[in-house]
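One letter stands for each residue in the lines below.
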Amino acid sequence: MQMTNDSKVTSRGGCGSCGSSDGNIHYDDGHAYCFVCEKFTPSPNQEGYTPMQNTVPTIPTPQNTQVARLSQGQFAAIPDRNISLEAARAYGITQTEGKHIYPYYDMNGTHVANKVRHVANKEFHAEGAMTQGTLFGQQLFGQAGKFITICEGELDAVSAYQMMGSKWPVVSVRNGAQSAIKDCKAQLQWLNKFDNIVLCFDNDEHGKAAASQVAQLFEPNKCKVMKLRGKDANEYLKHGRAEDFIRLFWEAQPYTPAGIVNLKDFDGLYDTDDKVSVPYPYEGLNDMLYGMRTGELITFTAGTGAGKSSIMRELEHHLLNNTEHNIGIISLEESVKQTIFHLMSVEASKRLYIEEVRKTVSQEQLKLYEEATVGTGRVFAFDHFGSIETDEILSKIRYMIKALDCKYIILDHLSILVSGLEGDDERRNIDKMMTKLRSLVEETQCCVLLVSHLRRASGDKGQEQGTQISLSMLRGSHSIAQISDAVIAMERDQQATDPIVANTTTVR
């Protein structure tokens with residue numbers, strides 16, 4: 001038996017799978033569907049049936065979904081916009097006393113706010129907790145799919161959905177072009193579930209600028225931009241041009257931030273470079289590298305126990321105190337708690353990551369160290385331990401850069417990152433990872449500080465005894481040296497009997 005949009009809602013209640021109090025929708029043919037956890041429960045004569053991916057069940061009546069103090073209305077067509085009753089009902093749009101009511105839901109599928117449009121004067125006001133609302137219509141499309149279309153306004157989203165035969169997910173930003181980048185950043189992880197993201201913003205200066213900004217949140221070729229000739233999606237619907245709109249949808253091209261130009265015609269050759277450069281806390285490195293520069297991939301390497309991670313924590317603290325930028329930390333050999341205490345330790349000049357040392361410091365003083373570091377709200381960390389798939393780690397890095405505005409990413413370390421990848425060829429895995437990291441740095445113009453291990457030294461003297469490090473000693477692949485903008489090596493003779501020698505690091 002195949003489920004269709006003819007099924008009618010009978011009630012709304014709790015879900016035993018995810019615990020939602022009102023996300024489970026029951027229909028008159030006996031089946032149920034939870035919009036929170038996406039669990040489908042077949043009717044007795046539908047056992048084993050899986051609903052079609054693009055089927056959108058009818059939304060429950062507003063009396064079942066509204067919360068206190070939110071306006072209610074009746075479902076109706078919108079004739080002056082040529083929007084059908086079925087399309088309005090699908091998105092939960094109701095009308096009352098010359099007003100359109102557009103419902104907004106939070107991440108849990110709870111109705112938390114309305115945007116109310118006064119038809120006569122075209123003014124809007126909001127009800128409820130609009131800041132908690134997701135994209136308009138987002139609660140309807142819990143499952144990932146092939147396409148998701150983003151429009152500027154609620155009626156444009158409904159119009160596009162109607163013109164495309166109610167087959168493809170369509171949502172809109174909450175407050176037009178000016179909120180597009182903010183709203184899409186907030187829902188970046190949800191949007192990234194879809195294979196293709198189609199932008200259908202208004203055909204004006206603001207819409208085009210917003211489309212460009214939003215498109216750059218996503219990896220190349222994932223985001224496509226519709227080139228409307230009319231004003232917006234609803235104009236196509238009002239004038240009966242659905243076929244033209246559908247054609248433009250399928251003709252949408254991947255966003256390209258820059259074209260190919262004849263170098264003779266290149267403008268701005270002598271303009272000031274917009275790269276950000278933050279001096280290292282070590283003058284020798286500044287003399288050679290001119291600071292930590294955005295758009296560059298810097299690799300740090302040393303033997304075991306020589307202080308690679310310690311240097312990274314010093315640099316994290318240095319960036320926190322000498323820039324206004326956010327910092328992303330992906331440290332795959334320590335927990336988030338350890339990351340916090342290591343950063344606080346640099347601030348305190350005490351090894352607070354050791355519990356016995358921590359006990360010698362008052363709680364009031366510890367709180368001050370915390371507020372001066374992670375308490376700034378500018379440090380983000382990936383809560384994960386051990387190896388991870390390449391595409392997943394790149395997705396996390398991209399999210400830190402695009403959604404959290406991190407300008408500097410610390411990745412510690414490369415060897416554990418590739419250790420869990422498919423295949424036994426470490427060199428090939430490292431080549432792929434370095435190439436993708438390089439591309440991400442170029443695309444986002446962030447600065448990545450990468451930690452890499454060394455292969456075991458041959459001969460009598462190992463890295464723990466301060467042997468001189470060369471690029472050929474990098475573990476796994478020559479691509480580490482070839483793709484990095486700079487490789488910084490640290491040498492220290494940890495076995496020296498002279499304590500000064502044993503605790504002096506040479507940076508090469």
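Some words on the sheet that holds strand β16 (residues 297–302)
Hydrogen bonds between backbone atoms are what pair the strands of a sheet, whose relative direction is either parallel or antiparallel.
In step 1: Across the sheet, seven strands lie side by side as β18-β17-β19-β20-β16-β21-β22; this open sheet has mixed pairing. Looking at which strands have only one partner, the edges of the open sheet turn out to be β18 (379–381) and β22 (506–507).
In step 2: Across five bridges, the pairing between strand β19 (residues 406–412) and strand β20 (residues 447–452) is parallel. Bridge pairing in β20 links Asp412 to Val451.
In step 3: Packed onto the sheet, helix α14 (residues 390–402) meets β17 (326–331), β18 and β19 and runs at close to 150° relative to β19.

Some remarks on the packing of aromatic side chains
Aromatic ring pairs: the centre-centre distance and the angle between the two ring planes describe each pair.
In step 1: A complete count under the given rule lists 13 aromatic pairs for this structure.
In step 2: On the numbers, 5.6 Å between centres and 20° between planes, the contact of Tyr91 with Phe136 is stacked. Of this pair, Tyr91 sits in the loop between α2 (85–90) and β5 (94–96) while Phe136 sits in the loop between β8 (123–128) and β9 (147–151), placing them 45 residues apart in sequence. With respect to burial, Tyr91 and Phe136 carry one shared label: buried.
In step 3: We note Arg358 situated over the ring of Phe341; from NZ or CZ to the ring centre the distance is 4.0 Å.

Details of the sheet that holds β5
In step 1: Taken together, the four strands give an open sheet; going across it, the order is β5-β6-β7-β8, and neighbouring strands pair in antiparallel fashion. Only two strands of the sheet have a single neighbouring strand rather than two, namely β5 and β8. The sheet shows a mean angle of 25° between the axes of neighbouring strands, taken without regard to direction.
In step 2: With six bridges joining them, strand β7 (residues 111–118) and β8 adopt antiparallel strand pairing. Within β8, the position partnered with Asn114 by the bridge is Glu127.

Notes on helix α8 (residues 242–251)
In step 1: Among the residues of α8, those classed as buried are Phe245, Leu248 and Phe249. The buried residues of α8 occupy an angular sector of 105° when the element is viewed end-on, so they sit on one face. For α8, the exposed residues set more than 90 degrees away from the buried face come down to Glu243 and Trp250.
In step 2: Looking at the packing, one finds that the buried side of α8 touches β9, α3 (154–163), β11 (196–200) and α7 (233–238).

Overview of the side chain of Ser477
In step 1: Tracing the sequence through the fold places Ser477 in the loop between β20 and α17 (479–483).
In step 2: Looking at Ser477, its side chain comes within polar contact range of the side chain of Ser479, at 2.8 Å.
In step 3: Contacts of Ser477, omitting those with residues within four sequence positions, involve Arg427, Ile430 and Asp431.

Procedures and definitions
Residues numbered from 1 in each chain as written. Predicted model: local features only at pLDDT ≥ 70, side-chain atom pairs only at ≥ 80, totals over all residues. Heavy atoms only, no water. Pairing = 2+ DSSP bridges. Helix = DSSP H or I, 4+ residues; strand = E, 2+ residues; numbered from the N terminus. Contact = heavy atoms within 4.5 Å. Axes fitted to C-alpha atoms, helices over the stretch in contact; angles between N-to-C directions. Phe/Tyr/Trp six-rings, centres within 6.5 Å; stacked < 30°, edge-to-face > 60°. Buried < 20%, exposed > 50% of the residue type's maximum accessible area, 1.4 Å probe, protein only. Lys NZ or Arg CZ within 6 Å of the ring centre and 35° of its normal. Arc of directions from axis to C-beta. Polar contact = N/O pair within 3.5 Å; in protein donor to acceptor, adjacent residues only side chain to side chain.

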